[in-house]
Amino acid sequence: MKIQDILNNINVTSAKIPDAMKRRVILSLCHDSRRATPTCAFFCKKGALSDGHEYAFHAYANGARIFIAERELNIPDDAAVIITPSSSDALKKLAVLFYNDPAKELKIVGITGTKGKTTVAISSYKIALANGISAGYIGTNGIYYNGKEFETANTTPDVLELQKSLREMRNDGVSVVFLEVSSQALWQERTHGLEFEACAFTNLYRDHIGKFEHPDIDHYVASKKKLFTDYPVKCIIVNADSSHCSEMITDCRCNNIITTSANGRENCTLSATKAIKLKNGIIPGISFELRSSDKSLIKPNKHYDVFMPIPGLYSVENGLLIISICLTLGIKLENVIKCLATLSVPGRFETVKLYSKPNSLFIIDYAHNGASLEAVISSLREYDPNRIICVFGSVGGRTFERRAELGRVAERCADVLIITSDNPNNEDPSKVIADIREAVGDTDKTVYTIKDRREAVEKAYEIAQDGDYILLAGKGHETYQLIMGKRIPFSERKILEHTDLANLKI
């Protein structure tokens, strides 16, 4: 790419381009001054917490000489400065151009919703792999393809990282990508330029509303809806049991719509009936009978029983979406059902059996808001445990509303509460814990407040009794804690396994 390519493809207000810069080849696009190089084009992009214009000189010091900005910059005259009304819009367009529009060469499946995105996306990804499809995954748990794994800062990466990842996947032979699409990504148009083979909607609950997120619930809903109205898509799959289902597909441009229902609605494309709670030892699961109103998806008079090693009606909802996605990709139904029976997603109802506590079950789950925590605990309650011990906290610096939600749900649904840190980041974790504890209020239930999350996990292990379910909520797949801007290594599974081993030696 050269400067003329930039001028030809974005809205330019003015440009100051030294002769030496006109011939320079641009080998990368960048909006982080720490990553600026002599061969990059640097975008002075405004964000929620910072303004890239303030870091232009730092990018210059690191070698950058081509800048796309919204105002004049205080940098030396040997740099090219292109002024545009929106650096963000310019970056979106040029990212697609720079990476040669990889979405055109891929089948992309987008999944959005408050809960279930990761379970649906990773499960579909694993089933695709098991059935000979070269697949990739991008979402909360990172980026996976061809045995490679990378971390991501956000559920849906920024437009530059997303386009880069899609290009790398395609160049490595990937044909189908399962992408978690967050509401903020849709709002900020990180998914600009994408075309979808299918888009799926899981559910919608009040979440991600606050100072640095969505201003209100209407904005949150409208942002989710964009996935179904603003992008080319061949097939839309929606959970009809969600109260926001019809709202998501109103005004969509796609005629191929699959509806699913875990409550057995007869008018839905795929539905579940005869749901039965099952246990494999102490591990809870659920089975159901699959039905369809579409003879092209399921043969008439054919009987299909589905088992999933995850409890709750929400698991059935996820399962129906997974089945629908896989069927649209041409995977045989029998193969999908077989894969679902051994379903496992890191940090999503991830069960840990300990040799020193053989009759207690430890569960690691990403439930980090009131709705998801209530869904998990309520599902566990159906299996008549001795007690449910809940270890949980909330992130620092944002999503302040969640703290009260989590506290109230845990007090109402669990038997023992251990309130601790999650990712406090730059906020005092004691303040976060205090906010949650205040919401719990006066209660007859046992409540511990333990600032150090490792000690909280160890406390849960110490008090666990036969027949208890011990839910470690909020961290899920994460292998770190954010503390004072730093990622500190932290794995709940490793803590449990280490504690287990230590007790076996005694």
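Refer to the structure presented above.
All of the points below concern the structure found in this document. (Residues numbered from 1 in each chain as written. Predicted model: local features only at pLDDT ≥ 70, side-chain atom pairs only at ≥ 80, totals over all residues. Heavy atoms only, no water.)

## Concerning the sheet that holds strand β4 (residues 66-69)
The condition is simple: Strand pairing follows a simple DSSP-based rule, namely that at least 2 bridges must link the two strands. Helix and strand definitions follow DSSP, with helices as H or I runs of at least four residues and strands as E runs of at least two, each counted in order from the N terminus. Axes here mean lines fitted to C-alpha atoms, for a helix over just the part in contact, with angles spanning 0 to 180 degrees between N-to-C directions.
What the five strands build is an open sheet, ordered β1-β5-β4-β3-β2; its pairing is mixed. Each of the sheet's edge strands pairs with one partner strand only, and the pair in question is β1 (14-16) and β2 (28-30). Neighbour-to-neighbour, the strand axes of this sheet turn through a mean angle of 15°, independent of strand direction. Alignment of β1 against strand β5 (residues 80-83), held across three bridges, turns out to be antiparallel.

## Some details on the packing of helix α5 (residues 117-130) against helix α10 (residues 313-328)
Rules: If an angle is under 35 degrees, it is roughly parallel; if it is over 145, roughly antiparallel; if it lies from 65 to 115, roughly perpendicular; otherwise it is oblique. Put simply, a crossing is left-handed when the front helix is turned counterclockwise from the back one by less than a right angle, and right-handed when it is turned clockwise. The contact rule is simple, with two residues in contact once any of their heavy atoms fall within 4.5 Å.
Axis separation between α5 and α10 bottoms out at 9 Å; the angle between their running directions is 40°. The angle between the axes of α5 and α10 places the two elements in the oblique class. At the point where α5 passes α10, the crossing takes the right-handed sense. In contact with T119, V120, S123, S124 and I127 of α5, α10 contributes N318, L321, I322, I325 and C326.

## Topic: the sheet that holds strand β22 (residues 469-473)
Across the sheet, which stays open at both edges, the six strands sit in the order β17-β18-β22-β19-β20-β21 with mixed pairing between neighbours. Looking at the sheet topology across the chains shown, the edges are occupied by β17 (350-354) and β21 (446-449). For this sheet the average axis-to-axis angle between neighbouring strands, irrespective of direction, equals 20°. Against the sheet, helix α14 (residues 429-440) engages β19 (388-392), β20 (416-419) and β21, with an angle of about 155° to β20.

## Examining the packing of aromatic side chains
The description of an aromatic ring pair uses the distance of the two centres, along with the angle that the planes make with each other. Rules: Stacked, edge-to-face and tilted are the three classes for Phe, Tyr and Trp ring pairs, Trp counted by its six-membered ring, which pair at centre distances within 6.5 Å; planes under 30 degrees apart are stacked, over 60 edge-to-face, the rest tilted. Under the scheme applied here, a residue whose accessible area is under 20% of the maximum for its type counts as buried, over 50% as exposed, and between as partly exposed, the area being computed with a 1.4 Å probe on protein chains only. Whether a charge lies above a ring is judged from NZ of Lys or CZ of Arg, which has to be within 6 Å of the ring centre and within 35 degrees of the ring normal.
Enumeration according to the criterion identifies 10 aromatic pairs in this entry. Between F57 and Y60 the ring centres are 6.0 Å apart and the planes differ by 25°, which places this aromatic pair in the stacked class. Remark: Y60 and F57 occur in helix α3 (residues 56-61); sequence separation between them is three residues, near one turn of the helix. Residue classification places F57 among the partly exposed positions, given a relative accessible area of 49%. Given the relative accessible area of 12%, Y60 is considered buried. When the ring of F98 is compared with that of Y99, the centres are 5.0 Å apart and the planes differ by 80°; the resulting orientation is edge-to-face. By relative accessible area, which is 22% here, F98 ends up partly exposed. An aromatic cluster is built from Y125, Y137 and Y144, whose rings are joined through pairwise contacts. For K475, the ring lying beneath its charged end belongs to Y480, and the centroid distance is 5.1 Å.

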